[in-house]
Amino acid sequence: MDAIPHFGTDESLQFFDYWRALPRDDGVVPDRRHFDPLAIRRLMPMMVMVEYADLESATFRFAGTKLTEVLGFDPTKKKYLDLLEQDAMGSFFAASEPLITVPCGGRFPITIQAATGYTLKCEALDLPLFNGKTGTWIVMALMSVREVSGLHGGDDFRILEIGKGEWIDIGAGVPKT
C-alpha cells in the first residue's frame, strides 16, 4: 500500500484505518475471522457486507440499520444480481470484479435518492476480506453521507449518479481502468 487515499468523510478514513490495522495471515487481505463489528460499531449502521463465492452468486450478508432505512428495504440474504436492472449488470461486474481478483479497494462518489425523501451525496468505500473458513470473498462497504443536497417526492431508492472513483492499492496493485 503506497499512500493513504484522500477521503471525503471522516467515517471513510476511520473505516479504512480500522481495515488497514487488521492482521494479514498470508497476503494483503485480512481474513474475515479478524473482523470485529464492535470495534467499528459507530460505522456499522451505514455498512453492508456482500459475500462472493463468485461474481454471479454475490449475496448480501449484512446491511446496517441506517442503510436499510436509506434503501427502504433490507437486502440481507438477497442475491445482488436479483436487485439489479439488466442494464446495470455490466457496471456491477466492472466495479466488483477487481475488488476480489486483484484484490484492491475502491472509493466512489455517489448521489442517491433515498427512500426517506432526501437526495444524498455520498462516498462509498469498498474493502475486501477473505473468508478462509468457506473460501469466499467478502466486500465490506461503507456508505458515508457527505451532504444532503435536496428533497424529492418519491419513497423509493435510486442511484442517481456514480462519479469518477478511484481504485485503492492495498498491496496487490490496481486495475488499469
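Note that the coordinates shown come from a computational prediction; the quantities given were computed from them, not determined experimentally. Residue numbering note: each chain is counted from 1, following its sequence as written. Under the rules for a predicted model, residues below a pLDDT of 70 receive no local features and side-chain atom pairs below 80 are neither given nor counted, while totals for whole chains, interfaces and linings still include all residues. Side-chain numbers come from the whole structure's heavy atoms, not from hydrogens or water.

Caption draft 1: Just the overall build of the protein chain, in detail. Secondary structure elements follow DSSP: runs of H or I no shorter than four residues count as helices, runs of E no shorter than two count as strands, and numbering proceeds from the N terminus. Summing up its helical and strand segments, the protein chain has 3 helices and 7 strands in all. Here the globule rule reads 2.2 Å times residues to the power 0.38, and the radius of gyration is calculated from C-alpha atoms. At 16 Å, the protein chain has a C-alpha radius of gyration in line with the 16 Å of a compact globule built from 177 residues. With a 1.4 Å probe rolled over the protein chains alone, any residue whose accessible area is under 20% of its type maximum counts as buried; one over 50% counts as exposed, and the rest are partly exposed. Residue burial in the protein chain is summarised as follows: out of 177 residues, 45% are buried. Every residue pair with non-hydrogen atoms within 4.5 Å of one another is taken to be in contact. In the protein chain, the share of contacts with a sequence separation of at least 24, taken over all contacts with a separation of at least 6, comes to 59%. Charge counting treats Lys and Arg as positive and Asp and Glu as negative, with His and both chain ends excluded. For this purpose, a charge sits on NZ of Lys, CZ of Arg, CG of Asp or CD of Glu. Looking at the protein chain, you have 18 positive and 25 negative side-chain charges, and the mean spots of the two groups are 4 Å apart.

Caption draft 2: Spatial organisation of helix H3 (residues 89-101). Here H3 is 13 residues long and its end C-alpha atoms lie 18 Å apart, about the 18 Å a rise of 1.5 Å per residue gives. Looking only at H3, the buried set comprises Met89, Phe92, Ser96, Pro98, Leu99 and Ile100. In a helix, the anticipated span is given by 1.5 Å times the number of residues less one.

Caption draft 3: Representation of the pattern of salt bridges. Should a side-chain nitrogen of Lys or Arg be within 4 Å of a carboxyl oxygen of Asp or Glu, the pair is scored as a salt bridge. Scanning the model with the defined rule gives 8 salt bridges in all. A salt bridge links Lys66 to Glu69; the nearest nitrogen and oxygen atoms lie 3.6 Å apart. In this pair, Lys66 and Glu69 both sit in helix H2 (residues 65-71), 3 residues apart, roughly one turn of the helix. Linking Arg107 and Glu166 is a salt bridge whose minimum nitrogen-to-oxygen distance equals 2.8 Å. A residue pair is termed long-range when its members are at least 10 positions apart, and Arg107 in strand E3 (residues 105-113) and Glu166 in strand E7 (residues 166-168) qualify at 59 residues. One network of salt bridges, in which partners are shared, links Asp25, Asp31 and Arg33.

Caption draft 4: Structural context of the environment of Ile159. Looking at the secondary structure, you find Ile159 in strand E6 (residues 158-162). Owing to a relative accessible area of 48%, Ile159 belongs among the partly exposed residues under this scheme. Along the backbone, Ile159 and Lys77 are 82 residues apart, and their C-alpha atoms lie at a distance of 21 Å. Not counting chain neighbours up to four residues away, the residues in contact with Ile159 comprise Ile110, Thr111 and Ile112.

Caption draft 5: Representation of a nonpolar patch on the surface in the model. The patches reported here contain residues having more than 30% relative accessible area and no salt bridge. Joining distances are 9 Å for like charges and 5 Å for nonpolar side chains (Val, Leu, Ile, Met, Phe, Trp, Tyr). Per-residue and other accessible areas follow the Shrake-Rupley method at a 1.4 Å probe size, with only the shown protein chains counted as cover for residues. Nonpolar side chains collect at one region of the surface, where Tyr118, Val145, Val148 and Leu151 lie side by side and expose about 390 Å² of accessible area between them. The element that contributes the greatest number of residues to the nonpolar patch is strand E5 (residues 136-151), accounting for 3 residues. Relative to the assigned elements, Val148 resides in strand E5.

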